[in-house]
Structures are given as C-alpha cells and as structure tokens.
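Letter by letter, the chains look like this.
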Amino acid sequence: MAQWQMPNGENPVRTAVRFPMRLPIRVLTENGELEAMTENISANGLLFVSDQLPRVDSRIEFTIAMPAEVMGAANDVTIHCIGRVVRHYLQSGTKKAAAVIDEYSLKA
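Residues numbered from 1 in each chain as written. Predicted model: local features only at pLDDT ≥ 70, side-chain atom pairs only at ≥ 80, totals over all residues. Heavy atoms only, no water.

Chemist: Provide a residue-level description of the layout of surface pockets, including the pertinent values.
Modeler: Taken as a whole, the largest pocket holds about 300 Å³ of empty space. Along the wall of the largest pocket there are 13 residues; nearest its centre are I41, S42, A43, M66 and I79. Secondary-structure elements contributing two or more residues to the lining of the largest pocket are β5 (59–66), α2 (68–71), β6 (77–91) and β7 (94–107). For the lining of the largest pocket, a count of residues per class yields twelve nonpolar, one polar and no charged. (1 Å grid on protein atoms, 1.4 Å probe; cavity = no way out; pocket = protein on both sides within 12 Å on 5 of 7 lines; lining within 4 Å. Points joined across faces, edges and corners; volume = space filled by probe spheres on them. Helix = DSSP H or I, 4+ residues; strand = E, 2+ residues; numbered from the N terminus. Nonpolar A, V, L, I, M, F, W, Y, C, P; charged D, E, K, R; others polar.)

Below, the structure written as structure tokens:
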C-alpha cells in the first residue's frame, strides 16, 4: 500500500488534490461582503469566481455548505473558514481568486 507524502513545492494550495465543486459562498472581506461561487476546493484552499475580488494578501472569511453526499453524512456539513487571498487572475472574461484556508470550524 502506498503512503501519502507531502508534495515538495513552494505553494501547497496548488499541489493539494482539488475537487471540482460549484457551491455558492459569501465572502466577508475588509471592504464588506461579496457573493461568489467556488470552482474547486482542496484541504488547503479554494478557487472562487466573483464580479469583485478581494485584494491579494487580504484576510477573508466564508462559510461553505458541503453537500451530505460529498461528506458521507446524513446532512449537509457547514464549514466556517478564515483564510487569505493568494492570487487572482482573469480567465476567459471571468475573475478568479485562489485562497488559502488558515483556520476552519464545523458548524452544526
């Protein structure tokens, strides 16, 4: 049986296994709240799209309702996260931001 090893690399967000999931989120930034949609999620972070993007290196908070079938639970699992934006870019006219998750807590 193979053992899991931490990837060697400079950016753990880009090397973690990502799961394509489109889930609505509200992102709380230093300038207020914005509506966004996730594109993919990993154990370390997420990629989201929004009409407005928080600045790189800014602190953000968001809550994700993970579907029960994905979590292997009877009900959806709500996860509150605190993180920071590490990069953003424009792709095919869509504004995208990548964020690292620094802290999280499960909500009942």
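From this point, things continue past the structure.
Chemist: Describe in detail the pairing of strand β2 (residues 24–29), supporting the description with residues and values.
Modeler: Of the two faces of β2, the one lined by I25, V27 and T29 is fully buried and the one lined by P24, R26 and L28 carries no buried residue. As paired strands, β2 and strand β3 (residues 32–41) are joined by six bridges and run antiparallel to one another. Directly across from R26, in β3, lies its bridge partner E35. Linking β2 back to β3 in an antiparallel pair, the connection comprises two residues. (Buried < 20%, exposed > 50% of the residue type's maximum accessible area, 1.4 Å probe, protein only. Pairing = 2+ DSSP bridges.)

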